[in-house]
Amino acid sequence: MRKISVQNLKGGTGKSTTVVNLGAALALKGKRVLLIDTDSQAHVGMHLGIKHSVTLFDLMTIDLSIEEAIINARENLDCIVSDKKVAVLETMLVQMPRREEILRLRARRLKNLKYDYVLVDCSPSISLMHQNALLFADYLLIPVSMDVLSLAGASSIMDSSRMLLQMYEMPLQIMGVLPTIYDGRLNMSKEVVSILETNYKKLTSVLTPIRTDVKLKEAAAAHQTIFEYDPKSRGAEDYMRLADELLELETRLDRQKQKPAEATLTA
Ligand SMILES: Nc1ncnc2c1ncn2[C@@H]1O[C@H](COP(=O)(O)OP(=O)(O)OP(=O)(O)O)[C@@H](O)[C@H]1O
Ligand SMILES: [Mg+2]
């Protein structure tokens, strides 16, 4: 089971779009996928058009089994949804012991549920929920939209994640940096990808960009994955290719586990 937290401290970089459509692509390829939404904006459930009376808030605050929090969204695709109450979790968590580790502890039984991938959607902020997501996951995936602030958000998330993980003597493992909302006609897009390659290629994979496609926006509004809304669209093509790239990365990640000193970020 690979647990991947999708984070960038800049808002609107395509985190939720990636969690839903990458999750859907992996599910279509026969992988068993769980999506966990840790953002009180609750975009994952909204995008997929699902609701559940038990949300992440309950999982984090009440002693219940993780199965009760899981709802099936599509074939091979399950979800733990968020809701507005997750915003007040911050103040509640502050008073709890091991407050950064609650998600990891509550989700321990996940290993019995045989998921191949768990994708965690995160809010664009440093918060206790963000720290919980980080300590729960094995890897970070960082969507970067084609602007300078998004690059800064990626750099901040790496710095803050590294600091937290160092306290737990855990390595920061970045699965990849994903250029999103990429428009090949714009110099800005090309420049941002070139900066990503210069800055991060030695540390992690710079994945093939997800191109701008209004169909991705329309699919979210229609409460459908891009594969349901328009399977022939650019967005569908790009997210299916991203799933393939991720599956190819598996071999590299397994090698990383054997040689953690080479593969993790220390800079
Ligand atoms: N490749 C794309 N092409 C066109 N629009 C996109 C693309 N990816 C995402 N969008 C749109 O951009 C907006 C922001 O995307 P999304 O909600 O996934 O970002 P986010 O990083 O999760 O935002 P937040 O930080 O607020 O949680 C949405 O309206 C989404 O439909
Ligand atoms: Mg989001």
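Residues numbered from 1 in each chain as written. Chains lettered and ligands numbered in written order. Predicted model: local features only at pLDDT ≥ 70, side-chain atom pairs only at ≥ 80, totals over all residues. Heavy atoms only, no water.

K.L.:
Sorry, what's going on with the pattern of salt bridges here?
P.N.:
For side chains bearing opposite charge, pairing can occur when the charged atoms are close. Within the structure shown, the criterion is met by 15 salt bridges. Here Asp 238 and Arg 211 are joined by a salt bridge, their closest N and O atoms 2.8 Å apart. Highlighted residues: Asp 238 in helix α12 (residues 234-258) and Arg 211 in the loop between α9 (187-200) and α10 (214-221), separated in sequence by 27 residues. The class for Arg 211 is partly exposed, based on a relative accessible area of 27%. Among the charged side chains, a salt-bridge network with shared partners connects Arg 211, Glu 237, Asp 238 and Arg 241. (Salt bridge = Lys/Arg side-chain N within 4 Å of Asp/Glu carboxyl O. Helix = DSSP H or I, 4+ residues; strand = E, 2+ residues; numbered from the N terminus. Buried < 20%, exposed > 50% of the residue type's maximum accessible area, 1.4 Å probe, protein only.)

K.L.:
Any chance you could explain the site of ligand 1 here in plain terms?
P.N.:
The environment of ligand 1 is formed by 17 residues, the closest being Thr 13, Lys 15, Ser 16, Thr 17 and Asp 213. The backbone of Arg 211 places a nitrogen or oxygen atom 3.0 Å from a nitrogen atom of ligand 1. When isolated, ligand 1 has an accessible area of 640 Å², and the protein chains bury 84% of it. Elements with a contribution of two residues or more to the shell around ligand 1: α1 (15-28) and α10. Among the elements that take part in the shell around ligand 1, α1 stands out by supplying three residues, more than any other. When its residues are assigned to classes, the shell around ligand 1 shows four nonpolar, eight polar and five charged. (Near = heavy atom within 4 Å. Polar contact = N/O pair within 3.5 Å; in protein donor to acceptor, adjacent residues only side chain to side chain. Areas by Shrake-Rupley, 256 points an atom, 1.4 Å probe, with all protein chains shown as cover. Nonpolar A, V, L, I, M, F, W, Y, C, P; charged D, E, K, R; others polar.)

K.L.:
Any chance you could explain the packing of aromatic side chains here in plain terms?
P.N.:
When we look at a pair of aromatic rings, we describe it by the centre distance and by the angle of the planes. Scanning the model with the defined rule gives zero aromatic pairs in all. Sitting above the plane of the Phe 136 ring, Lys 3 keeps its charged end 5.0 Å from the centroid. Over the ring of Tyr 115 we find Arg 32, and its NZ or CZ is 4.7 Å from the ring centre. (Phe/Tyr/Trp six-rings, centres within 6.5 Å; stacked < 30°, edge-to-face > 60°. Lys NZ or Arg CZ within 6 Å of the ring centre and 35° of its normal.)

K.L.:
Where do I start with the nonpolar core in this structure?
P.N.:
Within soluble globular proteins, side chains that are nonpolar tend to cluster in buried spots. Grouped together as the largest cluster of nonpolar side chains are 37 residues, with contacts concentrated most on Ile 4, Leu 22, Leu 35 and Leu 48. Of all the elements, α1 adds the most residues to this core, at seven residues. Setting aside residues up to four positions removed in sequence, Leu 22 forms contacts with Thr 17, Leu 119, Leu 141, Tyr 239, Leu 242, Ala 243 and Leu 246. Core analysis: the second largest hydrophobic core is formed by 29 residues, Ala 69, Ile 102, Leu 128 and Ala 133 among them. (Core = buried A, V, L, I, M, F, W, Y, C linked by side-chain atoms within 4.5 Å. Contact = heavy atoms within 4.5 Å.)

Shape is all these values report; function is a separate question.
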